Amino acid sequence: CIWSDTDYAVCKVTRKSTSGGVAMFGLHALKSWSSTQNLISLSSGEAEYCGLVKAGSMALGLRGVIADMGYAVTLELKSDASAALGIARRRGVGKVRHIEVNQLWLQDRVFKGDLKLTKVPGTENLADALTKYIGSENLRWHIYKVGQRARDGRHAEAPTVKMDDWDEGIKEPTETGKEDIEEADDECTEIIDIESLTEFNEAIFGTRAGHTYNSIF
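Residues numbered from 1 in each chain as written. Predicted model: local features only at pLDDT ≥ 70, side-chain atom pairs only at ≥ 80, totals over all residues. Heavy atoms only, no water.

Before going further, it helps to spend a moment on the packing of helix α1 (residues 44-68) against helix α3 (residues 105-112). Their axes nearest at 10 Å, the elements α1 and α3 cross at an angle of 60 degrees. Taken together, the axis directions place α1 and α3 in an arrangement best described as oblique. Like other packed secondary-structure pairs, α1 and α3 cross with a definite hand, here left-handed. Together, Y49, L52, V53, G56, S57, L60 and R63 of α1 and W105, L106, Q107 and R109 of α3 make up the contact between the two elements. Taken together, the residues of the contact of α1 with α3 break down into six nonpolar, three polar and two charged. (Axes fitted to C-alpha atoms, helices over the stretch in contact; angles between N-to-C directions. Helix = DSSP H or I, 4+ residues; strand = E, 2+ residues; numbered from the N terminus. Parallel < 35°, antiparallel > 145°, perpendicular 65-115°, else oblique. Left-handed = near helix turned anticlockwise from the far one by under 90°. Contact = heavy atoms within 4.5 Å. Nonpolar A, V, L, I, M, F, W, Y, C, P; charged D, E, K, R; others polar.)

Next comes the structure, spelled out in structure tokens:
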């Protein structure tokens, strides 16, 4: 089954929505995604429907891969959005006339029985953590339900980091480097001591290394 969820107009700049989903095969997560929608939805129902469209396309793609392995599966889309499920179950745009035509193929697939739609409570939607911030307890629940585990420490096959090697990588600057550092410190001190804005401007944007820079003040 494919779990789908959408957070409406979550981007404060573009006002675009975020869609997320996870494809489960039994207790195994085959694929998950969380992405910003390309269009600007005018309602939460429209945004949730666009999330269902993406979930449906993912489901059909995964069914093709599974069919190549010799298995036949029934596709089920699960969502907590009643409005989006209502749009997907009917034929045509209805009163939501601004939905793009290329989004209506999902209705045809549902009508033919290729995709089954199921309403689930929002608190049980496994895709909820992919679209919004949730608490730590809910996050651990979502991680557990998709067959994953959160563990501390490093993997046994990961390379070890020795502090001796780390310390050896930090080398003292050369004599030339020390002189450059001292010169830079002196310049910073001179700039800090300048009280006049004009003198500050000349100190920063004046003649340096044979080049003259224009003032920005």
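Anyway, onward from the coordinates.
With 73% of its residues at a pLDDT of 70 or more, the protein chain shows a mean pLDDT of 79. When the criterion is pLDDT under 50, residues 189-197 qualifies, and its contacts beyond four places in sequence or with other chains add up to seven contacts. Confidence drops under pLDDT 50 across residues 207-217; counting only partners more than four residues distant or on other chains, this segment forms 16 contacts. (pLDDT = per-residue confidence, 0-100.)

A few words on the sheet that holds strand β3 (residues 28-36). Reading across from one edge, β3-β2-β1-β4-β5 is the order of the five strands in this open sheet, with mixed pairing throughout. Since the sheet does not close on itself, it has two edges, and those belong to β3 and β5 (115-119), each with one partner. Within the sheet, the average angular offset between the axes of one strand and its neighbour, ignoring direction, is 20 degrees. As paired strands, strand β4 (residues 75-79) and β5 are joined by five bridges and run parallel to one another. Bridged to L77 within β5 is L117. (Pairing = 2+ DSSP bridges.)

Inspection of every chain in the model, using the stated rule, returns six salt bridges. The residue D108 makes a salt bridge to K112 at a minimum N-O spacing of 3.1 Å. Of this pair, D108 and K112 both sit in helix α3, four residues apart, roughly one helical turn. Here R109 ties to D114 by a salt bridge, and the two come within 3.0 Å at their closest N and O atoms. (Salt bridge = Lys/Arg side-chain N within 4 Å of Asp/Glu carboxyl O.)

Our focus in this paragraph is α1. Its 25 residues give α1 an end-to-end C-alpha distance of 37 Å, which sits within 8% of 36 Å, the value for a rise of 1.5 Å per residue. Trailing α1 by a residue or two, G70 shows a phi angle of about 95 degrees, which is positive. (Expected span 1.5 Å × (residues − 1).)

Time to look at a nonpolar patch on the surface. Taken together, the side chains of V65, M69 and Y71 define a hydrophobic patch exposed on the protein surface, amounting to about 360 Å² of accessible area. Mapped onto the secondary structure, Y71 falls in the loop between α1 and β4. (Patch = residues over 30% accessible without salt bridge, like charges linked within 9 Å, V, L, I, M, F, W, Y side chains within 5 Å. Areas by Shrake-Rupley, 256 points an atom, 1.4 Å probe, with all protein chains shown as cover.)

Take unusual backbone geometry next. Positive phi values are uncommon outside glycine, yet A9 reaches one of about 50 degrees. Structurally, the position occupied by A9 is in the loop between β1 (2-7) and β2 (18-25). Of the residues examined, A9 reaches a relative accessible area of 8% and is grouped as buried. For R15, which is not glycine, the phi dihedral falls at a positive 60 degrees. For R15, the location among the structural elements is in the loop between β1 and β2. We classify R15 as partly exposed; its relative accessible area is 39%. (Buried < 20%, exposed > 50% of the residue type's maximum accessible area, 1.4 Å probe, protein only.)

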